[in-house]
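Descriptive analysis of the structure
Listed below are the residues making up each chain.
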Amino acid sequence: MVKTSREKRHHPGILFSPERISRVLDGIFDYPLTIVEAPMGYGKTTAVRERLKTAGARVLWQRVDHSSTVSFWNDFCRLFSAVDDDRSLSLARLELPDDSVSRREAARLIEQIELSVPTILVIDDYHLVDSPEVNGLIELLTESEIGNLGIVLVTRFTSFPRLEELSLKGYLLHLTKELLEFTPEEITGYYRACGIRLTDVEAGQLHAATEGWISALYLFMLEYSATGGYNPAKSVYRLLEEAVYAPLAGEMKEFVLTMCIFDSFTYEQALHMWGRENTAGLLAELTGRSAFVTYDSPSGTYRMHGIFSGFLKEILLKEDTARRQDLYRRAAEWHQGIGEHAAVRRYFYQCGDFDSILLSLEQDRSNDYSAENKELLKQYLAECPVEVKVRHHYALLIFALHLFVHNERELFGQVCGEFRRNIAADASLDEDLRHRLMGEFELLLSFTAYNDLKRMSAYHRKAYALLNRPTSLYDRKVNWSFGSLSVLCLYYRESGKLAEAVADLHEALSCYILLANGHGAGAGEVMEAERYFHMGDLDNAEISVHRALTGARSHDETNIVLCAAYLQARLAFARGDFPGMFDLLRQMRADMTSRKDYHFLHMVEICECSIYANLDQKDRIPAGLLEDDPGSVRLRFLAVPMFNIMCGRVLLINAAYLKLIGSADSFLSLASVFPNLLGQIYTHIYLAAANQEVFREEEALASLRRALTVALPDRVYMPFVENGDYIAPLLSKLAGEEGCRDGIARILALYETYRRNKERIIREYFTAARPQLTPREMEIARLAAAGLTNASIARQLQISANTVKMALKNIYAKLAVNNRALLARRLADLDR
């Protein structure tokens, strides 16, 4: 035991930050991103918080409580509500950005937030996220260098793959634990500020024992306060035991053990868990006497330091199982009271109450179709005892639906088999409930027949006969087309039977729409319109697409409306109506944004990219689009063939012929699972084009023959027309072959009109000679790009808001942009 000279009074709770650390932290204001990385207990959070207190900047502080990326994103979005509530809500509706498309949209929304003063966004305990998706967003925000926004990550470790690159480019200030380690001189200053004088020898001994670690220095100071000396040989947990935990009164010990299961908690939460009137007093005493429990007034939450909560959890593990289970049960009940079902299931899992887990699943139907939630459900159901699952038939149906959405086909079959056995063995079910459950099961089984419309329709009729009411298994938030912009792509499965497939879809939907409260309304008319379009019958296609829009809008089926709008855009393209086509694209994105329907973001993005790819506009297609995983949570497996149709054309116009040839097997494999003939037709066309470009004519002709063999029996011409710029000479060579003559003649005739319209669009709107803005249009464009609303522009220019609206429509078409952010960039280009 080392004894030190003692002053009359000492104050271990005083905060102390060496000037050296503060000077380095000034760099927060010079870099878009700062990472403060050090192990637990190095004072990272305190150092950053104290520096920002006097910075004169707005601070948005997020403390990460656990590893759920969904919870992280919800908290991240709420940070911005005080600055821009509308865009905060938009970010939440977007959901966690997990690919380049959604990351760009998130960055765009954040960039639109008006930050009138320097704003520092701090994410504390960032290591708990440990997510490549979140890292990708942080990197994008960093490189965007958003005005008045700096980002600070406080973390125990980082996993950014581009850390060194960001530092070398001057985007990142990366600070490590060496910055936060106190020198012997700083230890002396820290102890002196707290009322304790150290000799140089004592400071050296403390430095040797702690290596400048602030948490250990604080604990040794507490020991000194109690004993007048310290023992450098003691471990941190033993110091916590003697200096922090042991001095607590018995009731206070029970209280901290009760609350240590939470990373952070509110007063109301503590009151629920503790259940006694002295809760407020205990919290006040606890925060007043210990630096290991703090209160954050902006969020109204209490938080235990990680070292202290880890120590308490080890003690709790030694308590009897019943005590721990009671705590977890109370925690679950708290979250149940505020409707946080994911947390309910997490805490019931901690106490092994699988009955309550499945009951929670039945209550909220778990509309979260994220991969993270799916994995949690798989874990719960895998460990759930058989005798519990037999009591929760509905929960098994919900779980099976999640498995189908994520293409977990083998496990889906296993769960369906288990459900069937459980129902057969359950003698307690009355006839009505048995019929309802079996009706829901028949509806679920209809997905196993996807995309065989006759079999699906048979399941639908059987389900409706049993249910005689709409399903409660899932709601209409599930995207009917799974993110595909083409209904025909989903259900065209047999060559020569496309007209029959259209009739089959109408028949199947007649019952399904009743079962699903209007889900899928208009889809039959979209497929009919697509069939006419692919035959080159544009007038009948337009008539059918208007019928589709009427049906879809009457049931608020946004994804079907998008399918119809995409087809309308293609019709406008084929007729050479670029302003009409572009207005449709702009309106699609505007509607999605105004309604905050970000579930449809990928549909809008694929639509735009497909149109620009057919116009050969490489620079309009986002970089990195082809590197995304098309099977991500945002694009369901069933929509991947449609995504690949767009990707193939993008590869062609980028002259990535070898990559396209190498990708073709994957494209064909994915388009053969159900099958999807449209995806196969396009892929064979792309193969023909790519092989021709690398002087492999025989392979090119063979691929084109395969495409024609599938397509011509149904008069599917437009895939060939859209790619006539690559395959027209090949088509001419095959025109004399048996069975191809009439079809190829029709394709080449359609292509001649299509080619002229396309060349005129490119000449008028995508070359240096495109129409210039009038002086009035330029005036309106600059005000719109500066962020003014239509009403504000109208007032400033003393014109009507409708005039502004019409002018912006023309401006967007002339400059080939579809939002104000792109408008600002295009104007900047024109000014150069």
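These remarks concern the structure in this document.

Analysis parameters
Residues numbered from 1 in each chain as written. Predicted model: local features only at pLDDT ≥ 70, side-chain atom pairs only at ≥ 80, totals over all residues. Heavy atoms only, no water. Helix = DSSP H or I, 4+ residues; strand = E, 2+ residues; numbered from the N terminus. Buried < 20%, exposed > 50% of the residue type's maximum accessible area, 1.4 Å probe, protein only. Pairing = 2+ DSSP bridges. Axes fitted to C-alpha atoms, helices over the stretch in contact; angles between N-to-C directions. Parallel < 35°, antiparallel > 145°, perpendicular 65-115°, else oblique. Contact = heavy atoms within 4.5 Å. Nonpolar A, V, L, I, M, F, W, Y, C, P; charged D, E, K, R; others polar.

1. Considerations on unusual backbone geometry
- Put simply, Tyr 450 and Asn 451 share a cis peptide bond, and its omega is -5°.
- Along the chain, Asn 451 turns up in the loop between α24 (431-446) and α25 (453-467).
- With omega at -5°, the peptide bond leading from Phe 674 into Pro 675 counts as cis.
- Tracing the backbone shows Pro 675 in the loop between α34 (657-670) and α35 (677-693).
- At Asp 125, a residue that is not glycine, the phi angle is positive and equals roughly 60°.
- Turning to its location among the elements, Asp 125 is positioned in the loop between β4 (119-124) and α6 (132-144).
- On the basis of relative accessible area, Asp 125 is assigned to the buried category, the value being 12%.
- Even without glycine at this site, Phe 482 takes up a positive phi of about 60°.
- Checked against the element boundaries, Phe 482 lands in the loop between α25 and α26 (487-491).
- For Phe 482, a relative accessible area of 10% gives the class buried.

2. Side note on the sheet that holds strand β10 (residues 301-304)
- Pairing within the open sheet is antiparallel, and its 3 strands lie in the order β8-β10-β9. Each end of this open sheet is capped by a strand with a single partner; those strands are β8 (264-265) and β9 (293-296).

3. Some details on the packing of helix α17 (residues 321-337) against helix α18 (residues 341-350)
- Interhelical geometry of α17 versus α18 gives an angle of 170° and a closest axis separation of 8 Å. With respect to α18, the element α17 is oriented roughly antiparallel. In this structure, α17 uses Tyr 328, Arg 329, Ala 331, Ala 332, His 335 and Gln 336 to contact α18, whose residues at the interface are Ala 343, Val 344, Tyr 347, Phe 348 and Gln 350.
- The residue inventory of the contact of α17 with α18, partitioned by class, reads 7 nonpolar, 3 polar and 1 charged.

That's the geometry; what it means functionally is another story.
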